[in-house]
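Observations on the model geometry
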Amino acid sequence: RNSLSSVLLYRSQWAGIDGAPTTMNFSMHSPFSGRKMALGLNFILDEIGPTETSTIMGTYAYHLKTSKGKISFGLRGGILSTSLKNDMLNYFDNNDVHNTGGVLQTVTPNFDFGVYYYTSGFYSGISVNHLIGQTENFQNNGQTQYNLKRHFVLASGGVIVFNDNLIFKPSLMVRYVNKMPINYDINASVLFNKTLWLGFSYRSSNNIVLITEYNISDFLRVGYSYDFDLSKLRRYNTGTHEVF
């Protein structure tokens, strides 16, 4: 966007399961220098079971005009700090040499890269997270390791304007990690009266997502989504909540 833009997001996955993932994410970015370049910041906090990862990243982007739209190249770099709460782990043998209690810590650099093409009615992009793809050892003589595998993400979508009060927005996102199943989302949202978004998403991990967003003003929007889990895991959780 041709202005300072920021997003605050909170996600609570698999509500009702002890130690289920939660994520907090704050990002902001703005163009500068004749709008050909942009700078951004990301702060992310992930908690999954006994692990907690804090991320701070800076982003630089450069935009090139084409005959119909723009191509943006983005590079993001920063650090990931991961803590492992050893006293939350369950050991079959309480005398295990690794059962030392306390908190293990590792700090590692991280870099991401993406290319993004967009017009007023269409966008498509591909990104690679964890470019280095390194393995880090926690601070306990290398007995526990932390792997950062490369994540490849393809995203594309567009808008179909029926009239001033009815806009349809379909999109697709595909994610790939080596030796893992390909994961994808198929999404569709409708904007009513330039104010209310109602959307639906299907995720290949066997989830259906209901989405609602509300434009409070020209510069402020809030949203909420709820995931229905259709897998066997649905017996043990009451769904996933996300607000932004």
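The following paragraphs examine the structure supplied in this document. (Residues numbered from 1 in each chain as written. Predicted model: local features only at pLDDT ≥ 70, side-chain atom pairs only at ≥ 80, totals over all residues. Heavy atoms only, no water.)

Some remarks on the overall build of the chain
- Each helix and strand in the chain was counted, giving 0 helices and 17 strands.
- Based on the C-alpha atoms only, the size of the chain along its principal axes is roughly 70 × 45 × 35 Å.
- Expressed as a percentage of its 244 residues, the buried residues of the chain come to 29%.
- In the chain, the share of contacts with a sequence separation of at least 24, taken over all contacts with a separation of at least 6, comes to 38%.
- Accessible surface, the chain: about 15,300 Å² in total, of which carbon and sulfur atoms supply 60%.
- With 20 positive and 16 negative side-chain charges, the chain shows a spacing of 13 Å between the two charge centroids. (Helix = DSSP H or I, 4+ residues; strand = E, 2+ residues; numbered from the N terminus. Buried < 20%, exposed > 50% of the residue type's maximum accessible area, 1.4 Å probe, protein only. Contact = heavy atoms within 4.5 Å. Areas by Shrake-Rupley, 256 points an atom, 1.4 Å probe, with all protein chains shown as cover. Lys, Arg positive; Asp, Glu negative; His and termini not counted. Charge placed at Lys NZ, Arg CZ, Asp CG, Glu CD.)

As for the environment of Ile208
- The residue Ile208 is located in strand 15 (residues 207-217) in this model.
- In this structure Ile208 comes out as partly exposed when scored by relative accessible area, which is 24%.
- Residues Ile208 and Leu230 lie 22 residues apart in sequence; the distance between their C-alpha atoms is 7.5 Å.
- With sequence-adjacent residues up to four places away left out, Ile208 is seen in contact with Phe200, Ser201, Tyr202, Tyr226, Asp227, Phe228 and Leu230.

Regarding the packing of aromatic side chains
- Taken as a whole and assessed by the stated rule, the structure comprises 5 aromatic pairs.
- Their ring planes at 25° and their centres at 6.4 Å tell us that Phe26 and Phe43 sit as a pair that is stacked. Of this pair, Phe26 sits in strand 2 (residues 22-32) while Phe43 sits in strand 3 (residues 37-48), and the two are 17 residues apart along the sequence.
- Clustering of aromatic rings is evident, with ring pairs tying together Tyr116, Tyr118 and Tyr123. (Phe/Tyr/Trp six-rings, centres within 6.5 Å; stacked < 30°, edge-to-face > 60°.)

Observations concerning the side chain of Ser12
- Relative to the assigned elements, Ser12 resides in strand 1 (residues 5-12).
- When neighbours within four sequence positions are excluded, Ser12 is seen to be in contact with Pro21, Thr22, Gly239, Thr240 and His241.

Description of the pairing of strand 2
- As paired strands, strand 1 and strand 2 are joined by 8 bridges and run antiparallel to one another. Bridge pairing in strand 2 links Leu9 to Asn25.
- Bridge count for strand 2 against strand 3 is 11 bridges, and the pairing is antiparallel. Across the sheet, residue His29 finds its bridge partner in strand 3, namely Gly40. (Pairing = 2+ DSSP bridges.)

Nothing here speaks to function; it is geometry throughout.
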